[in-house]
2 protein chains.
Amino acid sequence: MNTSKRDVVVSSRIRLARNYEDLPFSPGETARSAESCSQRTLEALSAENAQADYILYRMNEMDDVERYYLAEKHLISFDLIRKSETGSAYIRKDEQVSIMMNEEDHLRIQAIAAGEDLSNSALMIYRIEDALQKHVRFAFDTKLGYLTACPTNAGTGMRASLMLHLPMLTADKQMGIVNQTVAKLGLIIRGIYGEGSEALGHLYQISNQATLGRTEEEIIRAVLTVGDKLIDMERALRLKAHTMEPVKTEDQIFRSYGLLKYSRSMPQKEFLSHWSNLRLGISLGRLPVTMDSADILLEDAQDAHVMKWAGSPVTGDRLDERRCARIRRHLSRRNNGR
Amino acid sequence: MNTSKRDVVVSSRIRLARNYEDLPFSPGETARSAESCSQRTLEALSAENAQADYILYRMNEMDDVERYYLAEKHLISFDLIRKSETGSAYIRKDEQVSIMMNEEDHLRIQAIAAGEDLSNSALMIYRIEDALQKHVRFAFDTKLGYLTACPTNAGTGMRASLMLHLPMLTADKQMGIVNQTVAKLGLIIRGIYGEGSEALGHLYQISNQATLGRTEEEIIRAVLTVGDKLIDMERALRLKAHTMEPVKTEDQIFRSYGLLKYSRSMPQKEFLSHWSNLRLGISLGRLPVTMDSADILLEDAQDAHVMKWAGSPVTGDRLDERRCARIRRHLSRRNNGR
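### Side note on the sheet that holds strand 4 (residues 97–101) of chain B
Residues and elements named next belong to chain B. Here eight strands make up an open sheet; going across it, the order is 2-3-4-5-1-8-10-9 and the pairing antiparallel. Across the chains shown, the open sheet's two edge strands, defined by having one partner strand only, are strand 2 (54–58) and strand 9 (187–193). The mean angle between the axes of side-by-side strands here comes to 20°, regardless of whether they run parallel or antiparallel. Examined bridge by bridge, strand 1 (residues 9–18) and strand 8 (residues 158–165) share seven bridges and lie antiparallel to one another. In the sheet register, Arg-13 faces strand 8, and the bridge partner there is Ser-161.

Okay, structure coming up:
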């Protein structure tokens, strides 16, 4: 992991869209073809002696808390949750790899890592694809590359993305310009939480728009190049704020820290805004919390995580109350690690 | 001191208005008569061997920071500050007694104590008046009692007051009714900070309106009776809030505590609102801070106290920043006492 970019890059992700050549593509799939899809993946994993590394999650056997819990960890997508009858996922026990089945494509293989780690994620994911391909055949066209349910994913079938924390670019109202610039370079950037209005938590995902006509290496290089540019811009603004307006910046950071440590009830939306200041404060070396701890907290304090931890169904005020208990417990831990 | 009412009563105060019978009353006084007034008081204190217990503060020898510092401690009035040429005050070193000279009357003798302590304050102040009267003669009319510059203070010349902390009566929008009820009983209640709009810090002073036609004992009894009624009302609302909406109440308390502990810049007005929640939290036994400490903090975090502590002139943002440093230092003290 490249820890030197951890101040801005929360995580890296690569996903491949793959389809079995002889099964009907979504939306033409049937319950039976969907089951075949799951079965083949299991067999391929078994043949590789990798089955024990994975846990199978079937959407139709899970309740919403369990489903959204995995989605909050970015291990499954909201689209998979919508496919609650046929969707399933193999998730590697280290939670770095997940294989979604019967989402938009037969397979969505994804590797996720903390910080900027696209190259390693790519290595990891192609090793898994190679292993599967020893046992199965994916739909492939010599001209179009890998075929997908939606043509926009054909070609490499690969999407490389970085999750970036851009509080200062957001505060400086530069995200509109960033959007346009990124689009010109064939990439797209969007808020992770709450699209449309200001991105909650000031978290953005930058990824490639096109999967066709560029090699995997070119895609990764493009994402990294634009990512580095955004990192530079964000860092420059942070330095400027901390140098020119140190008290204002520290006040913003420490107020959020105080509220996270002491509040007794907090909606998720408010949590995300204070979390953003927490992460900013850590990046500036001002808070006694590790970056790992902050990034774990981001997941741990979200609705489904809080519900799962509570053990019994909690909603509304009770949920906001339990969220605070969880945040407090997290921030009071001695070493602030997991 | 009656510590049992400390949850609502911040302090008690009694002041007497007295005038030398042979010197012109304000506004007819001259620089020379004003000086005579000071001189006589000094001589009377000296004759009682009490001079060493007091420090003399002459308004015309002080800068604004020093003047407002004393006003924030309620040891002198803003009216005395306005009399910057001739006004002065003897302040006893224990800061429980002050004798203002050439304010509206020749002498304003005042005793102040923490908590509900009007009887003791009265004893203290009449002991001082007796001592002075051995050496000087105050203007007195057998029918009107003590004569004062403004006729509304004639008679006993006494004002007895309690400073009350009424956050829940304020939040419950009951202060309008309280105002009317208190007025019917011949008393008045007003916000300590920021009259007109909502009282900052939710601090109110209740005192007698009339000084004529009632004995000193009757005045004190009336203030205590109405005070006790308000204490009961405030306590009932606190109990209700803490019982019916414990999380909301604790959230309000702990958010303010977190912000007081961690903010890096805070205007005085905002400080007063969080201070109110701090004191409420202490009264409910929810915060690791003593009531003494909270009441000292109320003075210590105000503008002139912060300026005096800073040692150099600070205003605006710098003032709000130093205020936070002072608050933090206060709340991090091990035993939270002076």
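### Here's the deal with the nonpolar core
Ranked by internal contacts, the top residues of the largest apolar core, which has 164 residues, are Leu-278 of chain A together with Phe-271 and Leu-278 of chain B. Residues within four places of Leu-278 of chain B in sequence aside, it is in contact with Tyr-257, Leu-260, Leu-287, Val-289, Ala-294, Leu-297 and Leu-331 of chain B.

### Things to note about the packing of aromatic side chains
For the structure shown, the criterion picks out 14 aromatic pairs over all chains. Between Tyr-257 of chain A and Tyr-262 of chain B, the aromatic rings sit 5.1 Å apart at their centres with planes inclined by 85°, giving edge-to-face as the arrangement. Here Tyr-257 of chain A, found in helix 8 (residues 246–262), pairs with Tyr-262 of chain B, found in helix 8 (residues 246–262), and the two come from separate chains. Taken individually, Tyr-257 of chain A and Tyr-262 of chain B each receive the classification buried, so the pair is uniform in this respect. Ring centres of Tyr-68 of chain B and Phe-78 of chain B lie 5.8 Å apart, and the angle between their planes is 40°; this geometry places the pair in the tilted category. Residue Tyr-68 of chain B is located in helix 2 (residues 64–72), and its partner Phe-78 of chain B is located in helix 3 (residues 78–82); the two are separated by ten residues in the primary sequence. What makes Tyr-68 of chain B partly exposed here is its relative accessible area of 34%. With relative accessibility at 45%, the residue Phe-78 of chain B sits in the partly exposed group. Following the ring pairs from residue to residue traces out a cluster consisting of Phe-254, Tyr-257 and Tyr-262 of chain A together with Phe-254, Tyr-257 and Tyr-262 of chain B. Here Arg-18 of chain A stacks its cationic end above the ring of Tyr-146 of chain A, 3.5 Å away from the centre of that ring.

### So, the pairing of strand 1 of chain B
Where a strand is regular, its side chains alternate between the two sheet faces. Residues and elements named next belong to chain B. For strand 1, a buried count of ten out of ten residues is recorded, marking the element as mostly surrounded by other parts of the structure. Two elements, strand 1 and strand 5 (residues 107–114), share eight bridges in a ladder whose sense is antiparallel. Residue pairing for strand 5: Ser-12 is matched across the bridge by Ala-113.

### Some remarks on the pattern of salt bridges
Residues and elements named next belong to chain A. Taken as a whole and assessed by the stated rule, the structure comprises 60 salt bridges over all chains. For Asp-79, the salt bridge is made with Arg-82, and the minimal N-O distance between the two is 2.3 Å. Here Asp-79 pairs with Arg-82, and both are found in helix 3 (residues 78–82), just three residues apart, close to one helical turn. Taking the relative accessible area as the measure of exposure, Arg-82 reaches 62% and is therefore exposed. One network of salt bridges, in which partners are shared, links Arg-6, Arg-279, Asp-292 and Asp-295.

### So, the interface of chain B and chain A
Across the contact, 16 residues belong to chain B and 16 residues belong to chain A. In total, chain B and chain A occlude about 1,500 Å² of area from one another, counting both sides; carbon and sulfur atoms represent 61% of this. The largest share of the area that chain B buries against chain A comes from Arg-255, Tyr-262 and Arg-264 of chain B, three residues that together contribute 42% of it. One can count two salt bridges joining chain B with chain A. Put simply, Glu-270 of chain B and Arg-255 of chain A hold a salt bridge, and the shortest N to O gap is 2.9 Å. Counting across the chain B and chain A interface gives ten residue pairs in polar contact (both at pLDDT 80 or more). The element best represented in the side of chain B that touches chain A is helix 8 of chain B, accounting for ten residues. Split into classes, the residues belonging to the side of chain B that touches chain A amount to six nonpolar, three polar and seven charged.

Reading guide: rules and limits
- Residues numbered from 1 in each chain as written.
- Chains lettered and ligands numbered in written order.
- Predicted model: local features only at pLDDT ≥ 70, side-chain atom pairs only at ≥ 80, totals over all residues.
- Heavy atoms only, no water.
- Pairing = 2+ DSSP bridges.
- Helix = DSSP H or I, 4+ residues; strand = E, 2+ residues; numbered from the N terminus.
- Axes fitted to C-alpha atoms, helices over the stretch in contact; angles between N-to-C directions.
- Core = buried A, V, L, I, M, F, W, Y, C linked by side-chain atoms within 4.5 Å.
- Buried < 20%, exposed > 50% of the residue type's maximum accessible area, 1.4 Å probe, protein only.
- Contact = heavy atoms within 4.5 Å.
- Phe/Tyr/Trp six-rings, centres within 6.5 Å; stacked < 30°, edge-to-face > 60°.
- Lys NZ or Arg CZ within 6 Å of the ring centre and 35° of its normal.
- Salt bridge = Lys/Arg side-chain N within 4 Å of Asp/Glu carboxyl O.
- Buried area = accessible area lost by both parts, 1.4 Å probe.
- Polar contact = N/O pair within 3.5 Å; in protein donor to acceptor, adjacent residues only side chain to side chain.
- Nonpolar A, V, L, I, M, F, W, Y, C, P; charged D, E, K, R; others polar.

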